[in-house]
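Structural description and commentary
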Amino acid sequence: MQDADRESYWKANVRLLSICLVIWFVVSFGFGILLAPLLNHISLGGYPLGFWFAQQGSIYVFLLLILFYAWRMGQIDRKFNVHED
């Protein structure tokens, strides 16, 4: 792999990781803690939405983030020809 390709690969990797970390922070800390009092005025399944995000919603988002990260990293690996298959 050329130096320019290596740099582009890591830029794409760090960008994807940064996006995932921002989403993780917003959902866990933002929705589960900071915005919980505002979200608690909305009910989801009989529970306040802030409580739901703090207890279960963040887990679902984390699972989706893991799936998204694996799928997108597979695409990036194939683009830069560093895939394992």
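What comes next is a walk through the structure. (Residues numbered from 1 in each chain as written. Predicted model: local features only at pLDDT ≥ 70, side-chain atom pairs only at ≥ 80, totals over all residues. Heavy atoms only, no water.)

**Examining the overall build of the protein chain**
Along the backbone of the protein chain there are three helices and two strands. Starting at the N terminus and walking to the C terminus, you meet the elements of the protein chain as α-α-β-β-α. For 85 residues, the compact-globule estimate of 2.2 N^0.38 gives 12 Å, and the C-alpha radius of gyration of the protein chain, at 17 Å, exceeds that figure by more than 25%. Principal-axis analysis of the C-alpha atoms places the extent of the protein chain at approximately 55 × 25 × 15 Å. Taken across its 85 residues, the protein chain has 25% of its residues classed as buried. (Helix = DSSP H or I, 4+ residues; strand = E, 2+ residues; numbered from the N terminus. Rg over C-alpha atoms; globule rule 2.2 N^0.38 Å. Buried < 20%, exposed > 50% of the residue type's maximum accessible area, 1.4 Å probe, protein only.)

**As for the packing of helix 1 (residues 3-34) against helix 3 (residues 49-79)**
Following both chains from N to C, one finds helix 1 and helix 3 inclined at 170°, their axes separated by 9 Å at the closest point. Taken as axis vectors, helix 1 and helix 3 run roughly antiparallel relative to one another. Residues that form the contact of helix 1 with helix 3 fall into these classes: 18 nonpolar, five polar and two charged. (Axes fitted to C-alpha atoms, helices over the stretch in contact; angles between N-to-C directions. Parallel < 35°, antiparallel > 145°, perpendicular 65-115°, else oblique. Nonpolar A, V, L, I, M, F, W, Y, C, P; charged D, E, K, R; others polar.)

**What to know about unusual backbone geometry**
One non-glycine residue, Asn81, lies in the positive phi region at around 55°. Among the structural elements, Asn81 can be located in the segment after helix 3. With relative accessibility at 60%, the residue Asn81 sits in the exposed group.

**Concerning the nonpolar core**
Tyr9, Leu16, Cys20, Val27, Leu39, Leu49, Phe53, Val61, Leu65, Met73, Ile76 and Phe80 form the largest nonpolar core, which has twelve residues in total. Mapped onto this core, the elements with two or more residues apiece are helix 1 and helix 3. The element that contributes the greatest number of residues to this core is helix 3, accounting for six residues. (Core = buried A, V, L, I, M, F, W, Y, C linked by side-chain atoms within 4.5 Å.)

**Observations concerning helix 3**
Helix geometry: helix 3 is bent most strongly at Gln56, by close to 50°. Listed in full, the buried residues belonging to helix 3 are Leu49, Gly50, Phe53, Gly57, Ser58, Val61, Leu65, Met73, Gly74, Ile76 and Asp77. Here the buried face of helix 3 lies against helix 1, helix 2 (36-39), strand 1 (43-44) and strand 2 (47-48). With its phi angle positive at about 55°, Asn81 sits one or two positions after the end of helix 3. (Bend = angle between axes of the 7 residues up to and from the residue. Contact = heavy atoms within 4.5 Å.)

So, to be careful, I would describe these as geometric facts and stop short of saying anything about function.
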